[in-house]
Structures are given as C-alpha cells and as structure tokens.
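The residues making up each chain are set out below.
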Amino acid sequence: MLTFTLKSLLSRKLRLVLSGLAVVLAVMFVSGSMVIQDTLNRSIDAQFTGAYADIDLHAALKPVVESEGETSVAPAVDAAAVERASQVQGVAEARGLVLAEGARVIGKDGKVVPGTGGPRYGQSWRGESDLIKLRSGHAPQADNEVAVNAGLAAKAGLKVGDRVDVLTNEPRQSFVVAGVFGYSEDRDSIGGEQTVAFTDPVAQRAMLGGTGSFTGIKVTLADGADTGAVKAALATQLGTGYEVLTGTELAKKASDASRGILDLMGMLLLGFAGVAVFVGVFLIVNTFSIIIAQRMRELALLRALGASRKQMINSVLVESFVVGLVSSVLGLAAGIGIGALGANLIASSTDGLQVAGLGVPPGAVITSFAVGILVTMLSALFPAVRASKVAPIAVIRAAAAPQGRHRGQTWTGGILLGLGGLLLALGLFGSAGASMVVPGVLLAFVGVALLTPLFSRPAVQVLGAVFARSTPGSLGRSNSARNPRRTAITASAMMIGVALVTAISTVAVSAESSVAGDINRDLKAELVAMGEAGSASSASIAPDALAKAAEVGGVRNVAAATLDTAKVGAENQAVASWQDWAKAREVLGLKQAEGSIDTLPSGALLMNESTAKSREAKVGDQIEVQFQRGDVHTYRVAGVFADSALANGMVVPWADAATGFRSKQPSQAYFQLADGADVDQIRAQIETQLKDSPEVTVHSRDDIIEMFSGGFAMILTIVQALLAVALIIAVLGIVNTLALSVLERTREMGTLRAIGLTRGQTMRMIMTESVVISLFGAVMGVVVGALLGLAVARAMEDQGISQLSLPWGQMLAYLVGAVVVGVIASIAPARRGARLNVLAAISHG
C-alpha cells in the first residue's frame, strides 16, 4: 500500500506542488522571522559587549521612571558616592561618568544632523582605552571644546578645529571640535549612536542641569580582585537604590533595551505566516478533495480488492506527510535566505551595526517542520476520511465525486455566526463592553467562512451575469456554479485575505477621519511648531526665540507645552505641562467634562476622560506622580476634560515640569492668529524667529493632520503586504480548481469543441470561470471585512474613534485586483483546455 501511495503521489506532482507552495510560504515567513531575530540579536549582543568591554563594574541609581522606547533619566549620583565607591576593598579606581541621551549636533545646513539608527549621547570624556581611541586632535580640555565620534563627524562633515553648535537640556551652545574618536575593530560608531564628549563640568551642566553630579560610577578593579565579592561590597557601601552591574550585565541590559523594533518586526513576519497558514489550509483541503474526486474509481477498486478504511485514510495522510515534509524543507531553506537578506538590509540602514555570522536557531528548524507537516496533515484529514467512505460499487461510476449536503458544516457555521452576532451585540450595545467585540468578530468570521457554500451558487450566478452575454461567458458562469462547495473553498482564500485587510483598513480609515475631524473642529491654532515626528521629548524651543515669535504681527495667542513620561502608581503615564493653561485651553478647544478646567493652580492636576476612566479617578482625588527628576508630587484632581486628539493624559503645572521633566524647555508651540491674518506670511516670520531651534518645524493645520495620517498610512501599507500573501495563495487555489475542472470535463470540452467552440472561446470560458470565482471571494471579503471593521471601530469609541468611515478606494481596488488575479490564475488551465485533442477528449473515459 505504501508503494502504491508513493507512485500515486508522483503521478500528480503538479497539483501537489501547488498545494505545497502555500506551506512553503508559511514556513518561509516563520523561519525567516526567527533567523532575522536570531542574527540581529546576536549582532546587537556583540555590539554592546564591545561597547562595555572597558568597564569592570558600573554603579548607578535606578531610574525612578522606566520609559519604553526612550532612554530613562537616571537620577544624579553625587561626588560623595564616588568617594565611597573608591574606598571599597578591591577597587583600584572609581570615577564619576556622565552619559545621557539628548545631545544633538546642528549641521552646516542649520538643521539637526539626522540620526543614524542609534541614540544621540552627551557624555563626559572618559579617556582613551582598548575601546576608545582618538583618531585626530586631542581630548576636550577647555569648556568650549568637544570630541565627537567618527560616525557623527562623517555625517555632519566635521573635522578638528571646526566650530559646531550643540543642543542639550540647555539652550544652544557653540563649541570647537578638539578631537575625533573611534572604537575598537575600526568602528566609527556603535549601533549608529552619535556621541558628543564634553569636559566634566560642561557635561554635568548640559546633560544633568548642574555641576558636581554624575549619571554613574565606573569602577576599575584592582589586580586579582574577585568581581563578585567587590560587586557585593560596592552594593552594600552605596546603599539601597543603587544598581551595580558588571560590564557583561550592562551590555545585556543595553542589548535587551534595543530589541523593541526587532520584536515588532518578528511579530509582523509571524503575522504574515499566520495569514499564509490560515489561507493555505483551505487550499490544501481543496487540493486533497480534488485528488479524492479524481481517484474515485481507483479508490473504489482498492476497496474492492480488500483495502480497509484505515488503509485508505493512511494512504492520504502519507501523501500529505510527504507534501508537508518537502514543503517544510523548501520553506526552511527559503526562510534562511530571506532571514540572511533581511538581517543585512536592516543592518545596512543602521550605521555601525556589524552583522554576526548567519545562524539557524534550533527553534526555527523545529517550528518549520511542526508547522509544515502538522498543518498539511490536519488539512488532509477530512478528505482522507471521505476517501475511506468510498464504496466498492463506485468502481463502475463516473470519476467525479457526488456532492453531499454537508449539513454539519452548515449547522456549525450558522451556530458560530449566531454566537458571533450575539457577542457583537453585547459588546456594542450591551453592558458587556468592548471585550466581547473581538471574540464576536472571530466567531462571526469563521461562521461566514463555513456558510459560504450555502450561497455560492446564487452569488456566482449573479456575478457571472456580467459575462453571460456571450456563449463562452455563459458556459463559464455555469461551470463556476456547478460545484458550490469547491467554488466556496477556492474563493475562501481570496475572501479571508480581502476581509482581513478590509477590516483593518476600515478601522484605520475611521481612526484617521476621526483624528482629522477632531483637529479641524477643536484646534483653534493655525500654526504649530514641533519636532518632525510630533514628539516633544527630544525637540526643544529656545524660550527667548519663542517670546520673539509671539510678538510677530498677526499672532493673537501662543500656547507652549512640553511632554514627558511620569510614573503614577505602578504604571507609566503620559504627562504634559503648558506655560499658560488658559491660552492652551482656548487654542486646543478643550471642553470641560467634570470639575473645573478653567485654571491650573499649584498642587492641582487635570486629565482627559479616558485617563480618568482607566485610572478610576474622579474630581477631588489625591494622586501621586513621580516625574523623571525630583521627588514624588501629590496632586488633587481639579477637573476632567473631554477626550481630544490634541491633548490626552495628565496636565500638571508648569513650575513642576521645569524641575521634574527631562527637558525644562518648551517642545511644542501653538500659534492662534488674528482673523484675516496671512498664514503663509506669518509662518515665514515665525520660522525666522525660531531659526535657533533647528529641530523644530512650523506646521500648518493641514500638516498636522497629514502627520497624524502618516501612522495610519503605514498600517495600510502593512495590510497590503498581508493581502499580497493571501493573493499568492488564492492564485494557487484557483489554478488547482481549474486544473481539476478541465480534467473532469475533458469529454464535455471535447464535445463542445466538436460542435464548434473555438480554442479562443474555450480559453474565455475557463477564464470567465476563474474570474467569477475570484470576484466572488473578493466581494464576500469586502462585505464581511467592512462590516466587521465597522463593528471594531464602533467598539473603539473610547479610544478616540468618533467617526465611522469605509475605505472605498481600497475596496474598489481589491475588486479590480480580484479580476486581475482571476485572469492570471486562468492562463495555464485555459491553455491546457484549449489544446485538448478533440477526438481524444471525446473518447476520454
């Protein structure tokens, strides 16, 4: 039986290869994402291991606020702590260091030098070592001198003796480049970082806001000292609140903090793999169903010769195992190649990151074979059971399999759709809340997929009416409706992909239109000055320049703010502070929800409705807030304002931000103009006044809307890539179905050719069938995706989605794309059908 199974498998290589390609794609994405992550993780580990190679031990106070996605502000270590560290037995030297993010060099074009993939550090010169070597010039000695790393020097076009302006927590300052340094192994940068090294006093003032303090202590051990013992003694000597790490531990901590983007990329690739697996299941089920239908007489003959049902099931499962095994091997090989290419492309976009040798983690191999083989065998299980039910009498019947009613599938689909609808209703209109929406969407989606055969026949008849004016079109429409279940399964690959991207696009477009509507409705400022990304934690506006900009003719109000991350309870919280709260409230168009938001006196705090709800806070409550710097502040909730796209989170008095935020300078400024003022003219004048704040750009209201829309555009780009994966598998599925259709109807097609159907008409008949199936899947996907997307968007009202919108342009493009996919998928089967020998086809048994 095994020999027979393998020979049967080899006799149908083409369709098995087509079904295996779906598995290859899924395995490729899974293994590729794992190889990329493993390669880049090892590269980052090696990079930071080298960066901290000259540190035996490092001691620093733990940050009071751990900020995700940006460097936390480390509390200042005083000179007394450095002295105490030097007294520990086994310590040869203890030296205070300053190393903090936030030093931005202004290039020769007057703008901040663009980043190169890493942080922008300001530090005290720590001397030459095995890691750091001066390549030209000398170390900074005077307070007006700096040294820069070679990567930054090349990016900014700097050399020894040049003057350079630097932005830090202090206003813009001018320095002379005294030296240019590099790193071991001839590296210009470590991970794309840009470093400006000052003298100790300047580094302390610029990066920490005062003298006599440091961010950490570099400890050099005496010869023969035990690292573990000195580490423990140092922790005891310095007391609680200090974290003492070895150079290796420090490297691991820095490496772990740098992996956020890699984790996100891995999730995206695994998302593609999930789509490929989910859609591929339908293709594999359909392929094996097709093979069973083709082999009806063959299977019946085997049953007549004594083959048991168990042997029949095992025969099909062996075929699926071989397909899964071969596909896993090919997918793993492709994934390794994709992983190597992806790792090098990512590294090439990050200056200073050297890619470690290509490695294939064991998890990638195990997961690849588990996904490839298990998915294929499970997908083939139901066709295998069908094969075991073939009666021996079927040996005298026609080869095509009769169509069953599949009532179990219909009942299951109806129940799931009903449960999904109930959960959606409870989530959208009941007291259950939005937590019911996601499971409701999933159940409804699966239910619709199972019910698709129920209405595939009438649906394709309606869609095919467009092509039914000619004889080939009419025949193609009839053929697509001949086997509703097979048509539905074939179209499911297209439906799932289109439904997924339509749902995500609907949510994204609804969010985008909501933000645009909120800004147009609430924002009273015609111009806004902020950093390029709209983030204020790094951008800064010189206070003197802002005061001059406020005096420009035609400017009625100016509201300046700074943003940061604080700690409230055990969680981080976005906080903002405005120089003049009354002006801010007017310019932002904020509406009072509870209490009073008219003023913001000392000791008071305001927040938006969503924050109040998530924090379970109400007017009059006392809330403790820990800023990046300083001690804990206790505030009374004075008022709550309505949610707005322009101001969310908590708002604290300006005086507290000046001492507690990471930057004491404004980072955003909103300019409300007088009625009838010339916006473009005033914009140019404001830009002139803010020329000494080079990382700040003056935007119009439309620019702000476009800035917010950029994030949604990225989401749409990602979902288009998901659609591309689904479309590839959909093409394979349609090709499979049409190939069987041509084979099953060989005699019928020979008869049509004999009575006058030309080769061209035969090709158009098959192409019509393909287009109708593809279009059916796309229409189902658009409708289902739009409805589910609207449901999710409606459930996200608390997250700021106030307007429901549909991506009409994308939806139309999906339908047009489905027609193109149908045409492409029909080419090979149509050519084969048109080239049939008429006499041989008529005599085909």
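Values in this document were obtained by computation on a predicted structure and should not be read as measured data.

A. Representation of the overall build of the protein chain. Regarding its fold elements, the protein chain presents 25 helices and 24 strands. Just so you have it, the protein chain exposes about 36,100 Å², and 60% of that area is on carbon and sulfur atoms.

B. Structural view of the sheet that holds strand β1 (residues 57–61). The antiparallel open sheet is built from 4 strands, whose spatial order is β3-β13-β1-β14. Strand pairing shows two members of the sheet lacking a second neighbour, β3 (91–97) and β14 (242–246), which therefore form its edges. Within the sheet, the average angular offset between the axes of one strand and its neighbour, ignoring direction, is 20 degrees. Sheet topology note: the β3/strand β13 (residues 216–221) ladder contains 6 bridges and is antiparallel. Note on β13: the bridge partner recorded for Val91 is Leu221. Along the sheet, helix α3 (residues 79–86) contacts β3, β13 and β14; its crossing angle with β3, the most-contacted strand, is approximately 165 degrees.

C. The packing of aromatic side chains, seen in detail. For the structure on display, the rule yields 7 aromatic pairs. When the ring of Trp125 is compared with that of Phe181, the centres are 5.5 Å apart and the planes differ by 65 degrees; the resulting orientation is edge-to-face. Separated by 56 residues along the polypeptide, Trp125 in the loop between β6 (120–124) and β7 (132–137) and Phe181 in strand β10 (residues 173–183) bring together distant segments of the chain. Taken as a pair, Trp125 and Phe181 share a single burial class, namely buried. Of the aromatic side chains, those joined through ring pairs into one cluster are Trp125, Phe181 and Tyr183.

D. Summary view of the pattern of salt bridges. Applying the stated criterion across every chain yields a total of 16 salt bridges. With a closest N to O distance of 3.0 Å, Arg42 and Asp38 form a salt bridge. In this pair, Arg42 and Asp38 are both assigned in helix α2 (residues 13–51), 4 residues apart and thus about one turn of the helix distant. The partner of Asp186 in a salt bridge is Arg135, with the nearest N and O atoms 3.6 Å apart. Of this pair, Asp186 sits in the loop between β10 and β11 (194–198) while Arg135 sits in strand β7, and the two are 51 residues apart along the sequence. The class of Asp186 is exposed, set by a relative accessible area of 65%. Judged by its relative accessible area of 38%, Arg135 is partly exposed. Bridged by salt links that share partners, the residues Asp518, Arg521, Asp522 and Lys591 form one connected network.

E. Focus on unusual backbone geometry. Residues other than glycine seldom take positive phi values, yet Asp186 does so here, at roughly 60 degrees. Unlike most non-glycine residues, Glu616 shows phi in positive territory, near 55 degrees. In this structure, Glu616 sits in the loop between α18 (609–615) and β20 (622–626).

F. View of the side chain of Ser124. Within the fold, Ser124 resides in strand β6. Of the residues examined, Ser124 reaches a relative accessible area of 2% and is grouped as buried. Residues contacting Ser124, with those up to four places away along its chain left out, are Leu97, Val98, Phe198, Asp200 and Ala203.

Reading guide: rules and limits
- Residues numbered from 1 in each chain as written.
- Predicted model: local features only at pLDDT ≥ 70, side-chain atom pairs only at ≥ 80, totals over all residues.
- Heavy atoms only, no water.
- Helix = DSSP H or I, 4+ residues; strand = E, 2+ residues; numbered from the N terminus.
- Areas by Shrake-Rupley, 256 points an atom, 1.4 Å probe, with all protein chains shown as cover.
- Pairing = 2+ DSSP bridges.
- Axes fitted to C-alpha atoms, helices over the stretch in contact; angles between N-to-C directions.
- Contact = heavy atoms within 4.5 Å.
- Phe/Tyr/Trp six-rings, centres within 6.5 Å; stacked < 30°, edge-to-face > 60°.
- Buried < 20%, exposed > 50% of the residue type's maximum accessible area, 1.4 Å probe, protein only.
- Salt bridge = Lys/Arg side-chain N within 4 Å of Asp/Glu carboxyl O.

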